[in-house]
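Analysis of the macromolecular model
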Amino acid sequence: MSTGSCLLSEDQFLCCICLDVFTDPVTTPCGHNFCKNCITEYWNVNVPCQCPMCKEIFNTRPELHVNTLFSEVVSQFRQEAQQKASSSSSEQQAAKPGEILCDVCTGTKLKALKSCLVCLTSYCETHLEPHLTMSGLKRHQLMDPVENLEGRMCMKHDKPLELFCKTDQTCVCMLCSVLDHKTHEFVPLKEEYEGKKAELEKTEAEIPQMIQKRRLKIQEIKHSVDLSKEDADREKAEGVQVFTALKESVERSLNELIETIEEKQRTTEKQAEDFIKELEQEISELMKRSSEVKQLSRSEDHLHLLQNFLSLKAALPTKDWTEVSVRPPSYEGTVMRAVTQLEETLSKEMKKLVEAELKRVQQYAVDVTLDPHTAHPKLILSDDGKQVNHGDVKKNLPNNPERFSSCVCVLGKQSFSSSRFYFEVQVEGKTDWALGVARESINRKGQITLRPQNGFWTIRLRNGDEYEACAGPAVSLSLKSRPQKVGVFVDYEEGLVSFYDVDAAALIYSFTGCSCTEKLYPYFCPCPNDGGKNSAPLIICPVNQTE
């Protein structure tokens, strides 16, 4: 048997379908040999049945029989190959811990040199030799030794995963490509491997940059927390200072009020005491004189009565108490004057607070210019984009989606979707105007109602002296002075929009709890010029820090 096998070519022991040594060889009616499983699957796919070698077609599917003699020859060939491999294995060193072992070695396991994806076996140098010398085995796919070779086989067809299905993003075998994925796009594993490897290399290079960016972001966040703590400590210190001063002022005013009232009461009591003392003294003298007169009137001594009559008569008190009275002091207006004085003190402290607040928000000043693409056709914009006023002539401009069609207003070019920003606008000489910020998605066509629900946070002047916050409904504003320059401050994250009278360093109005979920734009409405009465422009001013 050994001699017979040696006379045969090595290729004669390989199945032409799987290109591996025959397993359970069977013979077709035309005389060709195949692995039983290989020819069965082949006929399951290809109809009608034909021989893969000579292409003879069989009208009915042939019944397969095991070729007993040929099976013995194949078995003998396997044994001789294993014996040859075993005889040379003693010359190699045993595998070290952690190295992939040869699956063929018996006894001492040697280190695997390659793994075969067709045989699903790892081979040492000796047992690998048939794959390097036999023409059929040479076509097998070898790779550096790996574990779990079964995981590299198709679970459904028991074939190597040689292709990559780009449609399903999965590894498949050759049979998968003609059965389950026949309409899909395929590439060899190596091609997809190269592409994915390039992506991984790119990712590998990007990850350190991503890590660095996140470390910088951590530093940025920590710095923000530190700044927040500094701001909080400063605000607390200022709050304690202001409220302590206010408390002391209230206590001082209360003490002064009480002292004033008590002083008036003491004066009244002193006057009454003096009157009472004087009256009691006169009563005492009158009672004494009454006794003397009574005694003298009963005297029978003519000479004695006449001699003392004149002295007793002249000594009587002559003061007229008819008009004398003690009037309670008037306390009317005392408390009011004290409260008014306290109000003045509070107003001074409030002004100091607003001045400090205004100085802080001015640090967030941004450069704002007007966007001509949003301006109503009757508006006139300066070349530098800093001034706007109403003109009587409607210009012929394209009605693009960004442009206001009915309301004479315009937006700033700059948008803001985070952090804080501040800008100032001169309104001097105008009788009507509106200012503030607006969401990007606001309606720009037809009539517009300024209110937060519609995406506007604005204040306005009407009829020369009516100031309103367009809060929906409008809130009437009582201002001590007529603003000449208005400051607009927005804290996007806090949802705060505040307006200031810059020259008077006074807070005009604040919108709180604003829903800022998209870009915000500065909003300007110079209003119609009203026959020249309101022709003055709105002017975006450079911000000068208040002293």
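Residues numbered from 1 in each chain as written. Predicted model: local features only at pLDDT ≥ 70, side-chain atom pairs only at ≥ 80, totals over all residues. Heavy atoms only, no water.

Before going further, it helps to examine the sheet that holds strand β9 (residues 163–165). Spatially, three strands are ordered β10-β9-β11 in an open sheet, and the strand pairing comes out antiparallel. The sheet is open, and its two edges are formed by β10 (170–172) and β11 (186–188), each paired on a single side. The average undirected angle you get between the axes of adjacent strands in this sheet is 35°. Taken together, the three bridges between β9 and β10 define a ladder with antiparallel strand orientation. Within β10, the residue paired with C165 across the bridge is T170. (Pairing = 2+ DSSP bridges. Helix = DSSP H or I, 4+ residues; strand = E, 2+ residues; numbered from the N terminus. Axes fitted to C-alpha atoms, helices over the stretch in contact; angles between N-to-C directions.)

Below, the discussion takes up the nonpolar core. The biggest cluster of nonpolar side chains holds 50 residues, and the ones touching the most others in it are W433, V486, Y523 and F524. Among all residues touching F524, those that are not within four sequence positions of it are V368, L370, C409, V410, G412, F423, V425, A434, L435, L538 and I540. C38, C49, V74 and L137 belong to the second-largest nonpolar core, a separate cluster that totals 21 residues. (Core = buried A, V, L, I, M, F, W, Y, C linked by side-chain atoms within 4.5 Å. Buried < 20%, exposed > 50% of the residue type's maximum accessible area, 1.4 Å probe, protein only. Contact = heavy atoms within 4.5 Å.)

Glancing now at the sheet that holds strand β24 (residues 538–541). The strand order across the open sheet built from seven strands is β12-β13-β24-β15-β20-β21-β22, with neighbouring strands paired in antiparallel fashion. Because the sheet does not close on itself, it has two edges, and the strands there are β12 (379–381) and β22 (506–511). Sheet twist, expressed as the mean angle between neighbouring strand axes with direction ignored, is 20°. Where β12 and strand β13 (residues 387–390) come together, three bridges link them in antiparallel fashion. Across the sheet, I380 pairs through a bridge with N389, a residue of β13.

Bringing the pairing of strand β21 (residues 496–501) into the picture now. Judged by how many residues are buried, β21 sits mostly within the fold: five of six residues are covered. As judged from the six bridges shared by strand β20 (residues 485–491) and β21, these two strands associate in the antiparallel manner. Bridge assignment links F489 to a residue of β21, and that residue is S498. Two successive antiparallel strands, β20 and β21, enclose a turn made up of four residues, where G495 displays a positive phi of approximately 65°. As paired elements, β21 and β22 share five bridges and run antiparallel to each other. Counterpart to F499 in the pairing with β22 is Y509. Hairpin geometry of β21 and β22 is characterised by an intervening segment of four residues between the two adjacent antiparallel strands and by a positive phi of about 50° at A505.

A few words on the side chain of H140. Structurally, H140 can be placed in the loop between α5 (135–138) and β8 (142–143). Not counting the four nearest positions on each side in its chain, H140 is found in contact with C18, L19, D20, C116, V118, C119 and H131.

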